[in-house]
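Residue-level structural notes
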Amino acid sequence: MDSDFTSMSALLNAVWPAVAAIDWADYCGKRASPYDNSGLPKYTGLLMHRSGTASIGATTVAVGFIPRPEQMAKVVTDKTRLLASGSKRSGIEMHNSAEGKWGGAVRSSVNFSEGWSITMLPEIGDHLLLSCMMHRCGLLSEDDWHYLTRSEASWLIGPRNFVDMSTDQFDCLRDHIDDAVRQAMATVEGGS
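These lines cover the structure that appears in this document, whether it is placed above or below. (Residues numbered from 1 in each chain as written. Predicted model: local features only at pLDDT ≥ 70, side-chain atom pairs only at ≥ 80, totals over all residues. Heavy atoms only, no water.)

**Structural notes on the overall build of the chain**
Cut-off, in case you're wondering: The helix and strand labels rest on DSSP assignments: H or I over at least four residues marks a helix, E over at least two residues marks a strand, and numbering proceeds from the N terminus. Radius of gyration means the value over C-alpha atoms here, while the globule rule gives 2.2 Å times the residue count to the 0.38 power. Partly exposed residues are those whose accessible area sits between 20% and 50% of the maximum for their type, while under 20% is buried and over 50% is exposed, using a 1.4 Å probe and protein chains only. Residues count as neighbours in contact if any of their non-hydrogen atoms are within 4.5 Å of one another. Areas reported here follow the Shrake-Rupley algorithm with a probe of radius 1.4 Å; residue values treat only the protein chains shown as occluding. Positive charge is attributed to Lys and Arg, negative charge to Asp and Glu, and no charge count is given to His or to the chain ends. A charged residue contributes its charge at one atom only: NZ of Lys, CZ of Arg, CG of Asp or CD of Glu.
Helix and strand content of the chain: 6 helices and 4 strands. Along the chain, helices and strands appear, N-terminal first, in the series α-β-β-α-β-β-α-α-α-α. At 15 Å, the chain has a C-alpha radius of gyration in line with the 16 Å of a compact globule built from 192 residues. Viewed in the frame of its principal axes, the chain has a C-alpha envelope of about 40 × 35 × 30 Å. Counting across all 192 residues of the chain, residues that qualify as buried make up 47%. Taking the contacts inside the chain whose residues are at least 6 apart along the sequence as the reference set, 63% of them involve residues at least 24 apart. When the accessible area of the chain is evaluated, it comes to approximately 8,800 Å², of which 51% is carbon and sulfur surface. Positive and negative side-chain charges in the chain, numbering 17 and 23 respectively, have mean positions lying 6 Å apart.

Listed below in structure tokens is the structure:
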């Protein structure tokens, strides 16, 4: 494995306890139920994937409990495929719930052909967590991070409306996740 994937994997493991503690109903007015339509728990784990490399399996990592691993593996790779099909910086810019196009993939500022994705949180949570992690690991420039996480972006209106999230709730969630990632990164760098 290379250092970028090792760093992102370590950060994912370190930030997971803080992410697992988020009550999504505090940020999402709808579609934040703790269980899916089949009664399985949601938000119990995360699956992260990186595309643009030769080895697929070696660039996928999980934390927590993944109730449907094969299904989630398809979802997380579909997110990077969607990103690779266009020239956008993130999958959330192509959000279209009717067509099954979801955010949660972000293109690296360092290597435009490299895409990262996360799944198992609400779409905006996937997007924000991944953007913040990539920024802290040096895979997303300061300008790209601000572009992707600014609440006034027109392409965030649809995803925010999908879960009934206000601009203020988005800003609070972004700040909460960024703080959790910052603290987790300090833990990773400190070796504790």
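**A short note on the side chain of S9**
By the element assignment, S9 lies in helix 1 (residues 3-20). If we ignore the near neighbours within four places in the chain, the residues touching S9 are M48 and V61.

**Here's the deal with the pattern of salt bridges**
Going by this rule: Here, a salt bridge means any side-chain nitrogen of Lys or Arg that lies within 4 Å of a carboxyl oxygen of Asp or Glu.
The final tally for this structure, using the stated rule, is 12 salt bridges. We note a salt bridge from D179 to R182, for which the minimum N-O separation is 2.1 Å. Taken together, the residues span about one helical turn, with D179 and R182 both in helix 6 (residues 167-190) at a distance of 3 residues. Residue classification places D179 among the partly exposed positions, given a relative accessible area of 30%. One connected set of salt bridges, linked through shared partners, spans D2, R50 and E114.

**So, the pairing of strand 1 (residues 45-51)**
Stated precisely, the cut-off is as follows: The rule for pairing is simple: two strands pair if DSSP sees at least two bridges between them.
Extensive coverage of strand 1 is indicated by the burial of 7 of its 7 residues. The side-chain alternation of strand 1 yields two buried faces, one formed by G45, L47, H49 and S51 and the other by L46, M48 and R50. Pairing geometry for strand 1 and strand 4 (residues 115-119), over 5 bridges, is antiparallel. The residue of strand 4 that forms the bridge with M48 is I118.

**Here we look at the state of the cysteines**
Test applied: Disulfide assignment relies on a single distance test, namely cysteine sulfur atoms paired within 2.5 Å.
Under the defined criterion, the tally for this structure stands at 0 disulfides. Of all cysteine sulfurs in the structure, the one in C132 sits closest to C137, which takes part in no disulfide; the separation is 11 Å. C172 takes part in no disulfide bond, and the closest cysteine sulfur to it belongs to C28, at a distance of 13 Å. With a relative accessible area of 48%, C172 lands in the partly exposed category.

**Topic: helix 3 (residues 123-136)**
Here is the rule we go by: Expected span, for any helix, means 1.5 Å times one less than how many residues it has.
Taking 1.5 Å per residue, 14 residues should reach 20 Å; helix 3 reaches 20 Å between its end C-alpha atoms and fits that length. Counted residue by residue, helix 3 has 13 buried out of 14 residues, so it is predominantly covered.

**Describing the layout of surface pockets**
Selection rule: Think of a 1 Å grid over the protein atoms and nothing else: a 1.4 Å probe that fits but is trapped marks a cavity, an open set flanked by protein within 12 Å on at least five of seven lines marks a pocket, and residues with an atom within 4 Å of a point count as lining. Grid points are joined across faces, edges and corners, and a volume is the space filled by probe spheres set on the points. For this classification, the nonpolar set comprises Ala, Val, Leu, Ile, Met, Phe, Trp, Tyr, Cys and Pro, the charged set comprises Asp, Glu, Lys and Arg, and every other residue, Gly included, is treated as polar.
Roughly 960 Å³ of internal volume is contained in the largest pocket. Forming the boundary of the largest pocket are 33 residues, of which M72, V75, W102, T119 and L121 lie nearest the centre. Elements with a minimum of two residues in the lining of the largest pocket: helix 2 (69-84), helix 3 and helix 5 (157-162). With 8 residues, the top contributor of residues to the lining of the largest pocket is helix 2. In terms of residue class, the lining of the largest pocket is built from 16 nonpolar, 6 polar and 11 charged.

**A few points about the side chain of H127**
With respect to the element layout, H127 can be found in helix 3. Overall, H127 belongs to the buried group, its relative accessible area being 0%.

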